[in-house]
Amino acid sequence: MTARDEVLGRIRTALAGDRPEAGPPAASAAPPDGPAAPAYRTRGELDPPALLDLLAGRLADYRSHVRRTGPGQLLDTVRAALAERGARRMVLPPGLDLPGLAQAAPGQAGALDGVELITDGGLSAQELDQMDGVITRAAVAVAETGTIVLDAGPGQGRRALSLIPDYHLCLIEAAQVVALVPEAMARLRPDRPLTWISGPSATSDIELDRVEGVHGPRTLEVILIDTGTG
Amino acid sequence: MSAPTFLGLPTAPRGVGHLRGDEPFPVAARRALADTQLRRNLGRATRTIRAKRAAVVGELPDWEELRDAGQAIKAGALAHLDRYLEQLEEQVTARGGVVHWARDANDANRIVVGLVRAAGATEAVKVKSIVTDEIGLNDALAAAGITAHETDLAELIVQLGHDRPSHILVPAIHRNRAEIRDIFLREMVGVDPGLTDSPAALAEAARLHLRRQFLSARVGISGANFAIAETGTLCVVESEGNGRMCLTLPDTLITVMGIEKVLPSWADLGVFMQLLPRSSTGERMNPYTSMWTGVTPGDGPQQFHLVLLDNGRTAALADPAGRPALHCIRCSACLNVCPVYERVGGHAYGSVYPGPIGAVLSPMLTGVEDNASLPYASSLCGACYDACPVKIDIPSLLVHLRARHVDEVAETRRVPSPEAVTMAAAAWVMASPARYEAAQRGGRAGRLLGRGGRIRRLPPPLSAWTSARDAPAPPAQTFRQWWRTEHGDTGHGDTGHRDTGHGSGEGGETR
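Residues numbered from 1 in each chain as written. Chains lettered and ligands numbered in written order. Predicted model: local features only at pLDDT ≥ 70, side-chain atom pairs only at ≥ 80, totals over all residues. Heavy atoms only, no water.

(A) Local environment of the sheet that holds strand β6 (residues 219–222) of chain B. Residue and element names in this part refer to chain B. With parallel pairing, six strands are arranged side by side in an open sheet as β3-β12-β9-β6-β4-β5. In this open sheet, the two edge strands, each paired with only one partner strand, are β3 (98–102) and β5 (147–150). Neighbour-to-neighbour, the strand axes of this sheet turn through a mean angle of 25 degrees, independent of strand direction. For strand β9 (residues 252–258) and strand β12 (residues 303–309), the ladder comprises seven bridges, and the chain directions are parallel. Looking across to β12, one finds that Val-256 is bridged to Val-307. (Pairing = 2+ DSSP bridges. Helix = DSSP H or I, 4+ residues; strand = E, 2+ residues; numbered from the N terminus. Axes fitted to C-alpha atoms, helices over the stretch in contact; angles between N-to-C directions.)

Written out as structure tokens, the structure reads:
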């Protein structure tokens, strides 16, 4: 008998006579607005400005740097962030779509205020390790937990980009912000590789004292783009 | 050699992995209690984490509803575990992954060694994973000439210190910063000799030490916090980014997962993404979580292997009363609130699963006989039940396992155990108020044995009780005697006993 058949057979033996005849439900947690909504919260109650305030506060609470700007000032805000960081060489995923910036083709480099902006065309891990940072967009942000989620979609790139460089500058649109984790789950596609990020890399392994900065980017900076601003 | 079975289903085999200690809990605990440095380290760390957890749990208005949902989802997943595992296999396979089934630790180790060899590698980077420690994977890899590099900071401290993990979440919780600095100075090649003991400096040293290994790794090995049957998605929750490194950079990823980790639906994961971080590190959300489904062309490992492990889990599943132990999501909240764990630490439990849940889970995986002292390693205070994010009633499970142990011993021995004799005698005495009172009067003679209100050694067969703990000396006056002195012989508040005594001729003692 194969190990597969044996393990499945053991499970059936273990459960025999001890479970309802009917098969399992297709999905055990009902969709957020389905008829049998779960008892826990599935929808936030904050209006958009309060939601952005909450996200900004929660991001800062776990040591992310936060800048708030309007769509018209986005490029200037990125410039200011890069200048403050002193970055010389940044990697960009294809499709960053930063208004006012003509992004180079994959594998090519452009520039902004003397900062080299290299569009990823399959850089090796070692090459990524030579970058000062990365600029990405995100798929969704969760205000209550101060979390941004990347799904490798346009402007986000493959997972290694936001992992190896030591500085991650992430651009979030107001419309991407939800209040609660279940709302984020409903928006995300599980068939994409997902990375949930809540503050910079950290550890609590020494005396349960939180220390920011181990293997992932040690600095996370988030620019919140609020259409109501400017 | 195979361990005894429960309902005919094999438990985790002996001679491999780390589910069994070398000595019983009371012996190990006595030594741990004598280590004042250990108690200071543990006390400090568990105090910190308890306060953080309480603060972030208090922020959520629907915490209890989330706990209820977590419990219900886990129970539903186990009730149809065969179906969900088949669905998971189907989804992972459809997305380019390969699923392997392992009956036990030996199967799993053989599979992983074979996969690393097939990848042509002699090294692998590892994400912190208790299940790979449960099966002794690092030993099996070493025996095959493969070097496993632990990359979680705490696991690295344990590995470099030639030590054993002592906590589910923070395996090096028993070490303080000065001890960690000494380990790094002694074991880390090329470390700055001026390394200080500030946590930031120690984390930086680990970053530099592991960077080259991450960037050149060809094989990554991980566990899994959750797997979604509906979508085939795997999920690893972490803090440092070492997990992301291991899950993203190598060409080949091997994930070993206990079969009880499967969740039915994608939406279910949203419940656990709220329960786990707040219970575990006391954070609203852990810094990094990776979710992946099979293989994504051009992003991350292009070979993905999922090893589904039984190793005694189906034996645990076969015990309906004990089954909820398999709901555990390894958050470690029960360790941090446990008065026993806080004083003795994780090593005393002898298993990779320490603390209250370990005292349940380890005997269920190995068979109670092989971890017979663990169900008694608790005062049954109930703090673990209150803290558990999936509402596992750990005290009841401990009592259940004690009963299982007594029953199993009774089946294999002709002479009843001291516990069985004592309990039978107690039942006879307590069935009658007159016998009970007489026994209490007799018990007062025990005051002669006591010093400072404690009895350190009772005569046999009761010495079995005092070999592991002191017994309080009986009071000079029993409650019943005190009641009669205070309230006279009216019998008020004692009506319940009249019926009990009626007809037996022994119920008249309060008149």
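Now that the structure is up, let's keep going.
(B) Quick peek at helix α1 (residues 25–33) of chain B. All names here are of chain B. For α1, the full list of buried residues reads Phe-25, Ala-28, Ala-29 and Ala-32. One side of α1 holds all its buried residues, which, seen down the axis, span an arc of 100 degrees. Exposed and facing more than 90 degrees away from the buried side of α1 are Arg-30 and Arg-31. Buried residues belonging to α1 abut α2 (36–58) and α15 (339–344). (Buried < 20%, exposed > 50% of the residue type's maximum accessible area, 1.4 Å probe, protein only. Arc of directions from axis to C-beta. Contact = heavy atoms within 4.5 Å.)

(C) The side chain of Glu283(B), seen in detail. For Glu283(B), the location among the structural elements is in the loop between α12 (266–280) and β11 (288–293). Owing to a relative accessible area of 2%, Glu283(B) belongs among the buried residues under this scheme. Not counting chain neighbours up to four residues away, the residues in contact with Glu283(B) comprise Tyr62(A), Arg210(A), Val56(B), Ser239(B), Pro277(B) and Arg278(B).

(D) Region of the structure containing the packing of aromatic side chains. Residue and element names in this part refer to chain B. Going through the model one piece at a time under the given rule, you end up with seven aromatic pairs over all chains. Ring centres 5.8 Å apart and planes at 80 degrees place the aromatic pair Trp-292 and Phe-304 in the edge-to-face group. Taken together, the residues Trp-292 in strand β11 and Phe-304 in strand β12 connect sequence positions twelve residues apart. Three or more aromatic residues link up through ring pairs in this structure, and these residues are Phe-25, Tyr-341 and Tyr-349. (Phe/Tyr/Trp six-rings, centres within 6.5 Å; stacked < 30°, edge-to-face > 60°.)

(E) Main features of the sheet that holds strand β7 (residues 147–150) of chain A. Strand order in the open sheet formed by eight strands is β9(A)-β6(A)-β7(A)-β10(A)-β11(B)-β8(B)-β7(B)-β10(B), and the pairing between neighbours is mixed. Since the sheet does not close on itself, it has two edges, and those belong to β9 (177–178) of chain A together with β10 (262–263) of chain B, each with one partner. As paired elements, strand β10 (residues 194–197) of chain A and β11(B) share four bridges and run antiparallel to each other. Within β11(B), the position partnered with Leu194(A) by the bridge is Met291(B).

(F) How the structure looks around the pairing of β12(B). Residues and elements named next belong to chain B. By the criterion of burial, β12 is predominantly enclosed, with six of the seven residues buried. Pairing analysis gives five bridges linking β3 to β12, with the strands arranged parallel. Bridge assignment links Val-99 to a residue of β12, and that residue is Leu-306.

(G) Spotlight on the interface of chain A and chain B. Residue-level contacts link 75 residues of chain A with 101 residues of chain B. Between chain A and chain B lies a buried interface of about 7,500 Å² when both sides are counted; carbon and sulfur atoms form 57% of it. Considering only the surface of chain A that becomes buried against chain B, Glu207(A), Leu208(A) and His215(A) emerge as the three largest contributors, covering 11% of it. The partner of Arg159(A) in a salt bridge is Asp299(B), with the nearest N and O atoms 3.1 Å apart. Linking chain A with chain B are 35 residue pairs in polar contact (both at pLDDT 80 or more), by the criterion used here. Contributions of two or more residues to the side of chain A that touches chain B are made by α1 (3–15), α2 (48–61), α4 (125–128), α5 (181–187), β10, β11 (202–206) and β12 (209–212) of chain A. Element by element, the count of residues in the side of chain A that touches chain B is highest for α1(A), at eleven residues. (Buried area = accessible area lost by both parts, 1.4 Å probe. Salt bridge = Lys/Arg side-chain N within 4 Å of Asp/Glu carboxyl O. Polar contact = N/O pair within 3.5 Å; in protein donor to acceptor, adjacent residues only side chain to side chain.)

(H) Expanded view of the environment of Tyr84(B). Its location among the elements puts Tyr84(B) in helix α4 (residues 81–94). Along the primary structure Tyr84(B) and Ser198(B) are separated by 114 residues, whereas in three dimensions their C-alpha atoms are 46 Å apart.

(I) Layout of unusual backbone geometry. In this structure, Ala152(A) is a non-glycine residue whose phi angle is positive, near 65 degrees. Here Ala152(A) is to be found in the loop between β7 and β8 (167–173). Not every positive phi belongs to a glycine, and Leu380(B) is a case in point at roughly 60 degrees. Mapping Leu380(B) onto the fold places it in the loop between α16 (355–366) and α17 (383–387).

(J) Spatial organisation of the pattern of salt bridges. In this structure the tally under the stated criterion is 52 salt bridges over all chains. For Asp82(B), the salt bridge is made with Arg12(A), and the minimal N-O distance between the two is 3.0 Å. Residue Asp82(B) is found in helix α4, and its partner Arg12(A) is found in helix α1; the two belong to separate chains. Overall, the relative accessible area of 35% leaves Arg12(A) in the partly exposed class. Notably, a salt bridge pairs Arg189(A) with Asp191(A), separated by 2.9 Å at the nearest N-O pair. Overall, Arg189(A) belongs to the partly exposed group, its relative accessible area being 45%. A residue is classified by how much of its surface remains accessible, and Asp191(A), at 33% relative accessible area, is partly exposed. Counted as one network, the salt bridges with shared partners bring together Arg4(A), Asp5(A), Arg12(A), Asp82(B), Glu86(B) and Glu89(B).

(K) Quick peek at the nonpolar core. Counting 155 residues, the largest nonpolar core has Trp196(A), Phe184(B) and Leu269(B) as the members making the most contacts within it. What Phe184(B) contacts, discounting residues up to four positions off in sequence, is Leu153(B), Leu156(B), Ile157(B), Leu160(B), Val191(B), Leu195(B), Leu202(B) and Ala205(B). Ranked by size, the runner-up nonpolar core spans 22 residues in total, among them Val112(B), Leu115(B), Leu137(B) and Leu309(B). (Core = buried A, V, L, I, M, F, W, Y, C linked by side-chain atoms within 4.5 Å.)

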